[in-house]
Each structure stands twice: as C-alpha cells, then as structure tokens.
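So the chains spell out like this:
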Amino acid sequence: MRSLLALLSFLLLPWLPASAAPLGPLDLSKPDQVPPKLAQAIAAINRKEPDKARVLAREFLKEQPNSAYGYEVLGVAELVTGQWKDAETALQGALKIDPNRLGARLLLGQLYLQTGEPKKAEPQLREAARISPSTAVVRRNLAEALLRQGRPREALSEARESIRLSKTPDFENQFLLASVLNELGRVGEAELQLTDVLKAQP
C-alpha cells in the first residue's frame, strides 16, 4: 500500500487534462487553471476526505462527461478507499477518452498489481512506458509485474532502467533489483545490493 500512496502523490501533480476543450498544462498553484469542482475534489483527496472527493468528481463529470482528467481524479478517490472495481471503471473511462493519458495508465497498472493481477498490469505499464519512457516509476512497476509473472530476466532490465532514471537513490527501486537478482539465482549480487540499500537507510 505504501507504493500505491507514493504513486498517488506523484499522480496528483499537474497533468494535461483531455477534454473537448483542453485547458493546457495544469498548474495547481494557479487555481483558475483547474475547474473549481475538480480542484475541490483534489483538495479533498489531499485532506484525506475521499468520500467528498468522489461526490465532487462525479458532479464534475455530469457537467463535463468527456473529461479524462475528471475520470482520473475520480479513480484516485476510489483507489484511496480501496474501491478497486469502481477505480478500474473510472480509470478505464479516462483511457477511453484519452488512451495516452499517463496518469490513468500508471494507476490502472498499479491497481492490477495491488489486486494480484500482474498479467493485466503488464500491458498498461508497457503502454505507460511508451508514453513516457523516461519515467522511473513506470519502469519499476513494469519490473514488478514481470517478476510476479515469473519472468525475472525481463524484469532485470526494467529494474536497472528504473534505478538509472531515478534522480535520487530510491529504496523501493534498489530492493526490487535485489529481489530480481535473487530470483535469478545471483544471490551474491543480491546480497551486495541489499547491503547498499541498508547502508543508505538513515
């Protein structure tokens, strides 16, 4: 759950909304660039009031049913409370409107990892990697999906790429790489990686 919450935090950064009349790159420091009701929904999520956020997001979607951004925010609100099926429906709604929406792809892939469905996660995360090949969190989640399917050799390249793309040392990336190496039978390398991980911890 910690990785999901970290991902949600990442995804609540400004995104380009897909709608009949795009608003342009969003800057949450400029509330006038975000539809008020949607801005209120995001604020409710940040205040840990997901039920209120769901209501606001649904009200917004009644007014703007072609907003992928609105469906994505609704999906986040559903994920926060563990409403997996409703979250899946909302995120699929976002992708039906805008198949190239990175946030929705990442969230849907992470949802499937959370529900133990790595085979369903993989195509979502591969598509996210196509959309944004330099995003470390995409590569990490893809590596995890591959590892959970018993494909450690493929997972290894993705895990290493995730570390390469990370701007700062990341415990989850390094631990995942150690897990992949261990699965490949490279126990000595895995132990060295874990030692480096532990040394980096405060």
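Use the structure listed above.
Here is a short report on the structure shown in this document. (Residues numbered from 1 in each chain as written. Predicted model: local features only at pLDDT ≥ 70, side-chain atom pairs only at ≥ 80, totals over all residues. Heavy atoms only, no water.)

With respect to the environment of Pro36
Under the convention used in this document: Numbering goes from the N terminus for both helices and strands, where a helix is a DSSP run of H or I of at least four residues and a strand is a run of E of at least two. Residue burial is assigned from relative accessible area. The probe radius is 1.4 Å, only protein chains are included, and a residue is buried under 20% of its type maximum, exposed over 50%, and partly exposed in between.
With respect to the secondary-structure elements, Pro36 resides in helix α2 (residues 36–46). With relative accessibility at 60%, the residue Pro36 sits in the exposed group. Between the C-alpha atoms of Pro36 and Phe60, which are 24 residues apart in sequence, the distance is 9.0 Å.

Side note on the pattern of salt bridges
Side-chain pairs of opposite charge can arise whenever the charged atoms involved come near each other. Keep this limit in mind: Within this document, salt bridges are pairs made up of a side-chain nitrogen of Lys or Arg and a carboxyl oxygen of Asp or Glu, the two lying within 4 Å of each other.
For the structure on display, the rule yields 20 salt bridges. Its salt-bridge partner being Lys85, residue Glu88 comes within 3.2 Å of it at the nearest N-O pair. Taken together, the residues Glu88 and Lys85, both in helix α5 (residues 84–97) and 3 residues apart, mark about one turn of the helix. Lys85 sits in the exposed class, given a relative accessible area of 59%.

Some points on helix α6 (residues 102–114)
Condition: Expected helix span is given by 1.5 Å per residue-to-residue step, counting one fewer step than there are residues.
In this model, α6 (13 residues) spans 18 Å end to end at C-alpha, consistent with the 18 Å of a helix rising 1.5 Å per residue. Among the residues of α6, those classed as buried are Leu102, Gly103, Ala104, Arg105, Leu106, Leu107, Leu108, Gly109, Gln110, Leu111, Tyr112 and Leu113. Backbone geometry just after α6 places Gly116 at a positive phi near 75 degrees.

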